[in-house]
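Spelled out from the first residue to the last, the chains are:
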Amino acid sequence: MKDSLAKLKEKLSEAMNSVLPVIGIVMILCFSIAPISPSILLCFLMGAAMIIIGTMFFTLGAEISMTPMGEHVGAAMTKSKNLFIIILLGFILGFIITVSEPDLQVLAQQVPSIPNIIIIVSVAIGVGIFLVVAQIRMLFGIPLSYMLVGLYIFVFVLSFFVPSSFWAVAFDSGGVTTGPMTVPFIMALGVGISSVRNDRHASNDSFGLVALCSVGPILAVLLLGMIYKPNESAYVAPSIPEIANSKELWNLFMVGLPTYFKEIAISLFPIILFFGIFQVFVLKLDMRNLKKIIVGMIYTYIGLVLFLTGANIGFMPAGNYIGQVMASAEYKWLLIPVGMIIGFFIVRAEPAVYVLNKQVEEMTDGAIPAIAMSMSLSIGVAASVGLAILRVLTGISIMYLLIPGYAIALTLSFFVPKLFTAIAFDSGGVASGPMTATFLLPLAQGACVAVGGNIVTDAFGVVAMVAMTPLITIQVLGLIYQIKKKYSPKAQPAVDYTLDNLDDNAIIEL
């Protein structure tokens, strides 16, 4: 009991350190250049409190349930040494965890002219196929950089056969579908698969699953765009709450809670069912480990419900309104540095980012500390939000930013250690989670409305930009790491104390 309370206290501290800077920035804006109504401010603060508590429960739950589940399943699949079973189970797993992803429902509603179920099934199939591709790459040790270059060249060529109004949404889909439900399980699956391999490159290849799985949704949505030829969708702004008293504030969140209780229950059910079947027929874990995983799943469930309720009801209206207010003023260009500062801190509040940073630190035995990962991601996201707001204010095409960005990232992949390339491309999908979708995207949409831009082509694309820039910053971190290692003092060769190699005097001294 004491251990659980200590863990919760530790996670609460981490959650507060992540979310409080965002609250502070928004409060400064509200009381200076971007005044908002008391109703929106109270909703924001209530949402922030729910996000902090939700993050606390989610990070603890992911650590004691989602991660062990993924590692056990990955190791068991690989130990079978049956390629057909690995491919079949990999596809099924990729499909069900994608259908389980809450952010996919949001994406489906944003895509015009295509039925939601078609979007969801197509994207899930895309992730399932590329999870299989990622597993095969790990099993056979295929270099990730070559695969990524080929795939992204194909993606960009294909995009020019799709209406330009569809580009931003398609690239957004790659980041949105690798969210808090998908990432912990997929990353742990990679660790489980690599644990079965005994070669020295196994740990390097344990990352990269999220990177390849992010390509699947982009291709799936682009192909649908070619078939359906969608036009611009009607934009529906988040409703701005009007609250007369504290009871109405409480009721606003309580009305939303049952929706997310149901949504997350439906999302978690396929994963729990899959693991349950695997447990009965393959894993057969002892009761102690099983109880720990069950408790962790309960924590994960509570955490996600609170997090998504707070983000969607509290953060979304605030982000949209602040964007409108700032873009309507004379100093609208100030929105770029303000967005960058918010982006710098908001990525730290993404639930899946904690999982990535922790796993990177553990897998590299501290060679890549979590603080270095966190700082690199923050710098990357800050740059991406600045570029995204620039697009909103100027209306420049997203391809003018994505093509050079990916070209730089893919070129760097040939000069940095393989591990950093895999981590970098994983981090792109991880950084673009629910906090981006519920605060940064509404911020861009609000600004776009204020300047009279095109919502589909100008505001959408924030998630795509957030998914792109960490690919560069994390690999630059790898380049710095490589240079420091190269020019650091050489380790002294170990002295051989084998008796056969020593003379009589040396033996006496020993």
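Residues numbered from 1 in each chain as written. Predicted model: local features only at pLDDT ≥ 70, side-chain atom pairs only at ≥ 80, totals over all residues. Heavy atoms only, no water.

Peer 1: What exactly am I supposed to notice about the overall build of the protein chain here?
Peer 2: On a plain count of helices and strands, the protein chain comes out with 21 helices and 0 strands. In the protein chain, buried positions account for 57% of the 510 residues. Within the protein chain, contacts between residues at least 6 apart in sequence are counted, and of these 86% link residues at least 24 apart. Total accessible area on the protein chain stands at roughly 21,300 Å², and carbon and sulfur atoms take up 67% of it. (Helix = DSSP H or I, 4+ residues; strand = E, 2+ residues; numbered from the N terminus. Buried < 20%, exposed > 50% of the residue type's maximum accessible area, 1.4 Å probe, protein only. Contact = heavy atoms within 4.5 Å. Areas by Shrake-Rupley, 256 points an atom, 1.4 Å probe, with all protein chains shown as cover.)

Peer 1: When you look at empty space enclosed by the protein in this model, what are you seeing that I'm missing?
Peer 2: The rolling of a water-molecule-sized probe over the atoms marks out the regions of remaining empty space. Under the definition given, this model contains 2 cavities of 30 Å³ or more. Taken as a whole, the largest cavity holds about 110 Å³ of empty space. Looking at the largest cavity, it is lined by 14 residues, and the ones nearest its centre are Tyr152, Ser214, Tyr406, Gly429 and Ala467. Here the residues of the lining of the largest cavity sort into 9 nonpolar, 5 polar and no charged. (1 Å grid on protein atoms, 1.4 Å probe; cavity = no way out; pocket = protein on both sides within 12 Å on 5 of 7 lines; lining within 4 Å. Points joined across faces, edges and corners; volume = space filled by probe spheres on them. Nonpolar A, V, L, I, M, F, W, Y, C, P; charged D, E, K, R; others polar.)

Peer 1: Before we go on, may I ask you to explain the confidence of the model for the protein chain in this structure?
Peer 2: Low-pLDDT portions of the prediction should not be read for the details of their coordinates. Per-residue pLDDT for the protein chain averages 83, and the proportion of residues at 70 or more is 88%. Per-element confidence in the protein chain ranges from a low mean pLDDT of 42 for helix α21 (residues 504-509) to a high of 94 for helix α16 (residues 399-412). Below a pLDDT of 50 lies the segment residues 491-510, which in the model reaches 7 contacts outside its immediate sequence neighbourhood of four places, other chains included. (pLDDT = per-residue confidence, 0-100.)

Peer 1: Sorry if this is basic, but what is going on with the layout of surface pockets here?
Peer 2: Approximately 390 Å³ is the volume found for the second largest pocket. Around the second largest pocket, the lining is made up of 18 residues, and of these Ser18, Arg348, Tyr354, Asn357 and Ser374 lie nearest the centre.

Peer 1: Can you help me understand the packing of helix α6 (residues 144-159) against helix α17 (residues 418-431) in this one?
Peer 2: The N-to-C vectors of α6 and α17 enclose an angle of 40 degrees; their axes lie 9 Å apart at closest approach. Here α6 lies oblique to α17, going by the angle between them. Residue-level inspection shows Leu144, Leu148 and Tyr152 of α6 in contact with α17, the latter providing Thr421, Ala422 and Phe425. Looking at side-chain class alone, the contact of α6 with α17 contains 5 nonpolar, 1 polar and no charged residues. (Axes fitted to C-alpha atoms, helices over the stretch in contact; angles between N-to-C directions. Parallel < 35°, antiparallel > 145°, perpendicular 65-115°, else oblique.)

Peer 1: Teacher, can you tell me more about the environment of glycine 380 here?
Peer 2: Within the secondary structure, glycine 380 sits in helix α15 (residues 370-394). Of the residues examined, glycine 380 reaches a relative accessible area of 0% and is grouped as buried. Spatially, the C-alpha atoms of glycine 380 and alanine 431 are 9.4 Å apart, while their sequence positions differ by 51 residues. Ignoring anything within four residues of it in the chain, the contact list for glycine 380 reads Thr469, Pro470 and Thr473.

Peer 1: When you look at the side chain of threonine 59 in this model, what are you seeing that I'm missing?
Peer 2: Structurally, threonine 59 is set in helix α2 (residues 38-79). We classify threonine 59 as buried; its relative accessible area is 4%. In terms of polar contacts, threonine 59 uses its side chain to reach the backbone carbonyl oxygen of methionine 56, at 3.2 Å. Contacts of threonine 59, omitting those with residues within four sequence positions, involve Lys11, Pro351 and Tyr354. (Polar contact = N/O pair within 3.5 Å; in protein donor to acceptor, adjacent residues only side chain to side chain.)

Peer 1: Even after reading the chapter, I still don't get the pattern of salt bridges, so can you show me in this structure?
Peer 2: It is possible for side chains bearing opposite charge to pair when their charged atoms get close. Counted under the stated rule, the structure contains 3 salt bridges. Taking the shortest distance from any N to any O, the salt bridge between lysine 7 and glutamate 63 comes out at 2.9 Å. Of this pair, lysine 7 sits in helix α1 (residues 2-30) while glutamate 63 sits in helix α2, placing them 56 residues apart in sequence. You can call lysine 7 partly exposed: its relative accessible area is 31%. Residues lysine 11 and glutamate 14 are paired through a salt bridge, measuring 3.9 Å at the closest nitrogen-oxygen approach. (Salt bridge = Lys/Arg side-chain N within 4 Å of Asp/Glu carboxyl O.)

Peer 1: I would appreciate a short explanation of helix α5 (residues 116-140) in the present structure.
Peer 2: Each α-helix winds once per 3.6 residues, and so residues spaced three or four apart point in a common direction. Taking 1.5 Å of rise per residue, the 25 residues of α5 would be expected to cover 36 Å, and the 36 Å separating its terminal C-alpha atoms lies within 8% of that figure. Phi turns positive, to about 65 degrees, at glycine 141, one or two residues after α5. (Expected span 1.5 Å × (residues − 1).)

Peer 1: What exactly am I supposed to notice about the nonpolar core here?
Peer 2: Among soluble globular proteins, nonpolar side chains are generally buried collectively. Counting residues in each nonpolar core, the largest one holds 162 residues, and the members touching the most others are Val73, Leu93 and Phe439. Looking at this core element by element, the count peaks at 16 residues for helix α12 (residues 287-328). With sequence-adjacent residues up to four places away left out, phenylalanine 439 is seen in contact with Val26, Phe44, Phe315, Ala318, Gly319, Ile342 and Ile346. By size, the runner-up hydrophobic cluster in this structure holds 6 residues, among which are Met56, Leu60, Ile64 and Tyr299. (Core = buried A, V, L, I, M, F, W, Y, C linked by side-chain atoms within 4.5 Å.)

Peer 1: I keep staring at a nonpolar patch on the surface and nothing clicks. Help me out?
Peer 2: The grouping of Phe269, Leu273, Ile277, Val280, Phe281 and Val282 at the surface amounts to a nonpolar patch, some 630 Å² of accessible area in total. Along the chain, valine 280 falls in helix α11 (residues 246-283). (Patch = residues over 30% accessible without salt bridge, like charges linked within 9 Å, V, L, I, M, F, W, Y side chains within 5 Å.)

Peer 1: Could you clarify how one ought to interpret the environment of lysine 292 in this entry?
Peer 2: With respect to the helices and strands, lysine 292 occurs in helix α12. On the basis of relative accessible area, lysine 292 is assigned to the partly exposed category, the value being 48%. Sequence spacing of lysine 292 and glycine 61 is 231 residues, and the spatial spacing of their C-alpha atoms is 9.6 Å.

Peer 1: Can you walk me through the packing of aromatic side chains in this structure?
Peer 2: Centre-to-centre distance and the angle between the planes together describe a pair of aromatic rings. Tallied over the full model, the rule gives 15 aromatic pairs. Between phenylalanine 44 and phenylalanine 439, the ring centres sit 6.4 Å apart and the planes meet at 50 degrees, which makes this aromatic pair tilted. Taken together, the residues span a long stretch of sequence, with phenylalanine 44 in helix α2 and phenylalanine 439 in helix α18 (residues 434-451) at a distance of 395 residues. The class of phenylalanine 439 is buried, set by a relative accessible area of 0%. Cluster of aromatic residues (ring-pair linked, three or more members): Tyr152, Phe156, Phe171, Tyr406 and Phe425. (Phe/Tyr/Trp six-rings, centres within 6.5 Å; stacked < 30°, edge-to-face > 60°.)

Peer 1: Is there a simple way to explain unusual backbone geometry in this structure?
Peer 2: What is expected of a backbone is that most residues other than glycine have negative phi and most peptide bonds are trans. With phi around 55 degrees, lysine 284 is a residue other than glycine that occupies positive phi space. Relative to the elements of secondary structure, lysine 284 occurs in the loop between α11 and α12. Judged by relative accessible area, which is 59%, lysine 284 ranks as exposed.

Peer 1: Help me understand the environment of tyrosine 228 in this model?
Peer 2: Looking at the secondary structure, you find tyrosine 228 in helix α10 (residues 209-228). Its relative accessible area of 32% is what places tyrosine 228 among the partly exposed residues. Spatially, the C-alpha atoms of tyrosine 228 and isoleucine 114 are 6.8 Å apart, while their sequence positions differ by 114 residues.

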